[in-house]
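Observations on the three-dimensional arrangement
Letter by letter, the chains look like this.
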Amino acid sequence: MAHVILRPGWHIKENATTSLAAYSNRRAFIKTLGLGGIGLSVGCSSGQARSINDPDGPLDTIPDNAPRDGYPASSNEAYTVKERVVTDRLVASSYNNFYEFINLGDLKVVWPHTGAYNPFPMTIQVTGHVEKKMRMDVADLIRTMPLEERLYRFRCVEAWSMTVPWTGFPLAELIKRCKPTSKATHVRFVSANRPDEMPGLASAHWYPWPYFEGLRMDEAMNELAFVATGMYGEPLPKQNGSPLRIVLPWKYGYKGAKAVVRLEFVRRQPKTFWNELQPNEYGFLSNVNPFVPHLRWSQASERFLSTLNTEERIPTQIFNGYDEWVGALYPDTPRTLTKGIVR
Ligand code: MTE
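1. Some words on the overall build of the chain
- When helices and strands are tallied, the chain shows eight helices and 14 strands.
- For the chain, the proportion of its 343 residues judged to be buried stands at 57%.
- Residue pairs at least 24 apart in sequence account for 74% of intrachain contacts in the chain once pairs closer than 6 positions are excluded.
- In the structure as shown, the chain presents an accessible area of about 14400 Å², 53% of it carried by carbon and sulfur atoms.

2. So, the pattern of salt bridges
- In total, this model carries 22 salt bridges according to the counting rule given.
- Across the pair Asp140 and Arg143 runs a salt bridge, and its minimum N-O distance is 3.5 Å. Of this pair, Asp140 and Arg143 both sit in helix α3 (residues 138-144), three residues apart, which is roughly one turn of the helix.
- You can call Asp140 partly exposed: its relative accessible area is 45%.
- For Glu276, the salt bridge goes to Lys271, with nearest N and O atoms at 3.9 Å.
- For Lys271, a relative accessible area of 57% translates into the label exposed.
- Connected through shared salt-bridge partners, Glu83, Arg84, Arg153, Arg155 and Glu302 make up one network.

3. Some thoughts on the sheet that holds strand β3 (residues 123-128)
- Ordered in space as β4-β3-β12-β7-β8, the five strands form an open sheet in which the pairing is mixed. One side of each edge strand has no neighbouring strand; the edge strands of this open sheet are β4 (134-137) and β8 (212-216). Recorded for the sheet is a direction-independent mean angle of 20 degrees between the axes of neighbouring strands.
- Note: β3 against strand β12 (residues 260-266), four bridges, orientation parallel. Bridged to Gly128 within β12 is Phe265.

4. So, the pairing of strand β5 (residues 148-155)
- Counting buried positions along β5 gives eight out of eight residues, so the element sits mostly inside the fold.
- Residues of β5 alternate between two faces, with Glu148, Arg150, Tyr152 and Phe154 on one and Glu149, Leu151, Arg153 and Arg155 on the opposite face, all of them buried.
- Strand direction decides the pairing type here: β5 and strand β6 (residues 160-170), joined by eight bridges, are antiparallel. Bridge pairing links Arg150 to Trp166 in β6.
- Counted along the chain from β5 to the antiparallel partner β6, the turn is four residues long, and its residue Ala159 has a positive phi close to 70 degrees.

5. Notes on unusual backbone geometry
- The omega angle of the peptide bond from Tyr71 to Pro72 is -10 degrees, so this bond is cis rather than trans.
- Its place among the elements puts Pro72 in the loop between β2 (50-51) and α2 (89-92).
- Within the chain, Tyr232 stands out as a residue other than glycine whose phi angle is a positive 55 degrees.
- With respect to the helices and strands, Tyr232 occurs in the loop between β9 (226-231) and β10 (234-235).
- Residue classification places Tyr232 among the buried positions, given a relative accessible area of 16%.
- Of note in the backbone geometry, Ser286 takes a positive phi value of approximately 50 degrees without being a glycine.

6. Observations concerning the site of the ligand
- Looking at the ligand, there are 18 residues lining it, with Tyr99, Glu100, Arg245, Gly256 and Lys258 nearest.
- Between the ligand and the protein, one listed contact pairs an oxygen atom with a side-chain N or O atom of Asn240 at 3.0 Å.
- Taken together, the residues of the shell around the ligand sort by class into nine nonpolar, six polar and three charged.

7. Quick notes on the environment of Ala139
- Here Ala139 lies in helix α3.
- The class of Ala139 is buried, set by a relative accessible area of 9%.
- The spacing of Ala139 and Arg68 is 71 residues in sequence and 9.7 Å in space, taken between C-alpha atoms.
- For Ala139, the residues in contact, after removing those within four places along its chain, are Pro67 and Phe120.

8. Topic: the confidence of the model for the chain
- Taken over all residues, the pLDDT of the chain has a mean of 87, while the share at 70 or more is 85%.
- Predicted confidence in the chain is weakest over strand β1 (residues 41-42), with a mean pLDDT of 32, and strongest over strand β11 (residues 245-247), with 99.
- Residue range residues 1-49 is modelled with pLDDT below 50. Its contacts to residues more than four positions away, or to other chains, number 90 contacts.

9. Looking at the packing of aromatic side chains
- Scanning all chains against the criterion turns up 22 aromatic pairs.
- Relative to Tyr117, the ring of Phe101 lies with its centre 5.2 Å away and its plane at 55 degrees, an arrangement referred to as tilted. Of this pair, Phe101 sits in the loop between α2 and β3 while Tyr117 sits in the loop between α2 and β3, and the two are 16 residues apart along the sequence. When sorted by exposure, Phe101 lands in the same class as Tyr117, which is buried.

Rules used in this analysis
- Residues numbered from 1 in each chain as written.
- Predicted model: local features only at pLDDT ≥ 70, side-chain atom pairs only at ≥ 80, totals over all residues.
- Heavy atoms only, no water.
- Helix = DSSP H or I, 4+ residues; strand = E, 2+ residues; numbered from the N terminus.
- Buried < 20%, exposed > 50% of the residue type's maximum accessible area, 1.4 Å probe, protein only.
- Contact = heavy atoms within 4.5 Å.
- Areas by Shrake-Rupley, 256 points an atom, 1.4 Å probe, with all protein chains shown as cover.
- Salt bridge = Lys/Arg side-chain N within 4 Å of Asp/Glu carboxyl O.
- Pairing = 2+ DSSP bridges.
- Axes fitted to C-alpha atoms, helices over the stretch in contact; angles between N-to-C directions.
- Near = heavy atom within 4 Å.
- Polar contact = N/O pair within 3.5 Å; in protein donor to acceptor, adjacent residues only side chain to side chain.
- Nonpolar A, V, L, I, M, F, W, Y, C, P; charged D, E, K, R; others polar.
- pLDDT = per-residue confidence, 0-100.
- Phe/Tyr/Trp six-rings, centres within 6.5 Å; stacked < 30°, edge-to-face > 60°.

Structure, rendered in structure tokens:
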């Protein structure tokens, strides 16, 4: 197993990870070579090959049968971002992490590998400590939820960030429908496991699939916790987590599971995917905190990605700027530079 990559992309030193500018310039370079669509077209198991240089490719992955009622949803002005511009939607849909579609050549280029994935229909199962176990058709669920748009900061543990307008509904509304009993202290999220549609499940067979995450109940019920069904006024592109994903703007991005198919209400803190793989680097809470460096890089600042060729380094804010909403949930959060803490 020594040759196997057990660590996520961010295992690579920060200065060795692809910057968005380098990434888009490389794409431009490949384009000038005229290679797009020939040597570099990416095959999908459905036989639908797409060139990674197709400029519309990342936005063409919105499933045709995704429910569109209620789009574009009206924006909820209580959740906006004043100090940063909105990230270009092409950036948000072409620079991704979704290891079920992993491309070992370039971890961030996810969308060309989603051709065989059909997120609709999909069923969500509700299990564990609930009044009644149930199953919900995701499209029906989306149609019955009042959709709203929220502009949130999005911070990856790899020290890059975006500002994204999500469409969806509060996670608390979904949890109320699930009717957890008082025994439930945590909720566990499990992502889709479709080997025929998700090439990464086989090509990165060493990961403990399916992807799993978890929250304490008070975190899950916080008003910021959101279930995204869309972004930029349209249903989610496949690579962004269609048919629905969890968005937790005060936590590092990996806490928000994509393509969630199971909510399990449990009595103790559940295991989580990256914590299971690298417990000394990825904790359960994983709140954004500039005072708690990653084992191998600082979290004091981040590369803010706005357009395909623009990024700037900006200071990271505690709880990603959401201290007012969530600070009270974590009274012992370090607020001065600390070393060696994984929470
Ligand atoms: N969910 C699943 N099921 N699989 C994944 O690989 N990656 C996580 C998170 N959710 C991931 C996932 C990570 S590391 C990040 S940073 C965000 O999704 C990336 O979301 P984005 O691609 O929409 O920016």
